[in-house]
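Remarks on the overall topology
These are the residues of each chain, in order.
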Amino acid sequence: QVHLVESGGGSVQAGGSLRLSCVVSGYTTSSACRGWFRQAPRKEREMVARLDTGTGSTLFSPAVKGRSTISQDNAKNTLYLQMNSLKPQDTAMYYCAAARDCTDLYLGRDVYWGQGTQVTVSS
């Protein structure tokens, strides 16, 4: 089992920054690929960024690429998403997710999810 707890969401004005955190606990072999997803009202959930903890490779959605970084503090087993130059269209519930590998994460297969943290960006 893998347990994920997010924090760091909030309300900011456009152009501001936020750093989301996700503490990961449990079997690390079941959570080698970790990422952030978001879901806005009346929209489908989309992947924002992911990190392969084995290779260190990262991937970002076009919507946030260049404005966001994803990283992990191994000592704290915490995943971060730093988002800069926030836009009103970034408003959504953000979820931390983990899977055995990134193929499973993409396919939604045996994915562990956090409870979500709300990000609201005002214009």
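Our subject in this report is the structure included herewith. Model, not experiment: these values are computed from the prediction.

Quick look at the layout of surface pockets
- Put simply, the largest pocket is a space of about 170 Å³.
- Taken together, Arg-38, Gln-39, Ala-40, Pro-41, Lys-43, Glu-44, Glu-46, Pro-88, Gln-89, Thr-91 and Ala-92 form the lining of the largest pocket.
- Of the residues belonging to the lining of the largest pocket, the class tally is four nonpolar, three polar and four charged.

Topic: the nonpolar core
- Counting 24 residues, the largest nonpolar core has Trp-36, Leu-81 and Tyr-94 as the members making the most contacts within it.
- Broken down by secondary-structure element, the contributors of at least two residues to this core are strand S1 (2–7), strand S3 (18–26), strand S5 (46–52), strand S8 (78–83), strand S9 (92–99) and strand S11 (117–122).
- In this view, Leu-81 contacts Leu-18, Arg-19, Leu-20, Trp-36, Val-48, Ala-49, Ser-68, Thr-69, Ile-70 and Tyr-94; residues no more than four positions away in its chain are not counted.
- Within the second largest apolar cluster, eight residues are counted, among which are Phe-37, Ala-97, Cys-102 and Val-111.

Thoughts on the sheet that holds strand S7 (residues 68–73)
- Reading across the sheet, the four strands line up as S1-S3-S8-S7 and stay open at both edges, with antiparallel pairing between neighbours. With one partner strand each, in any of the chains shown, S1 and S7 form the two edges of the open sheet. Within this sheet the neighbouring strands show an average axis-to-axis angle of 20°, counted without direction.
- Bridge count between S3 and S8: six bridges; the pairing is antiparallel. Directly across from Cys-22, in S8, lies its bridge partner Leu-79.

Some thoughts on the pairing of S9
- Burial analysis of S9 places seven of its eight residues in the buried class, the great majority of the element.
- Of the pairings in the sheet, the one linking S9 to S11 comprises three bridges and is antiparallel in character. The partner of Met-93 across the bridge, within S11, is Gln-118.
- One ladder, built from two bridges, connects S9 with strand S10 (residues 112–113); its direction is antiparallel. Paired with Ala-98 across the strands is Tyr-112, a residue of S10.

A few points about the packing of aromatic side chains
- For the structure shown, the criterion picks out one aromatic pair.
- Arranged with centres 5.0 Å apart and planes meeting at 70°, the rings of Phe-37 and Trp-113 form a pair that is edge-to-face. Within this pair, whereas Phe-37 is found in strand S4 (residues 33–39), its partner Trp-113 is found in strand S10, the two being separated by 76 residues in sequence.
- Cation over ring: Arg-45 sits above Trp-113, and NZ or CZ is 3.9 Å from the ring centre.

Here is what the cut-offs are and how they apply
- Residues numbered from 1 in each chain as written.
- Predicted model: local features only at pLDDT ≥ 70, side-chain atom pairs only at ≥ 80, totals over all residues.
- Heavy atoms only, no water.
- 1 Å grid on protein atoms, 1.4 Å probe; cavity = no way out; pocket = protein on both sides within 12 Å on 5 of 7 lines; lining within 4 Å.
- Points joined across faces, edges and corners; volume = space filled by probe spheres on them.
- Nonpolar A, V, L, I, M, F, W, Y, C, P; charged D, E, K, R; others polar.
- Core = buried A, V, L, I, M, F, W, Y, C linked by side-chain atoms within 4.5 Å.
- Buried < 20%, exposed > 50% of the residue type's maximum accessible area, 1.4 Å probe, protein only.
- Helix = DSSP H or I, 4+ residues; strand = E, 2+ residues; numbered from the N terminus.
- Contact = heavy atoms within 4.5 Å.
- Pairing = 2+ DSSP bridges.
- Axes fitted to C-alpha atoms, helices over the stretch in contact; angles between N-to-C directions.
- Phe/Tyr/Trp six-rings, centres within 6.5 Å; stacked < 30°, edge-to-face > 60°.
- Lys NZ or Arg CZ within 6 Å of the ring centre and 35° of its normal.

Purely geometric numbers; function is a separate question.
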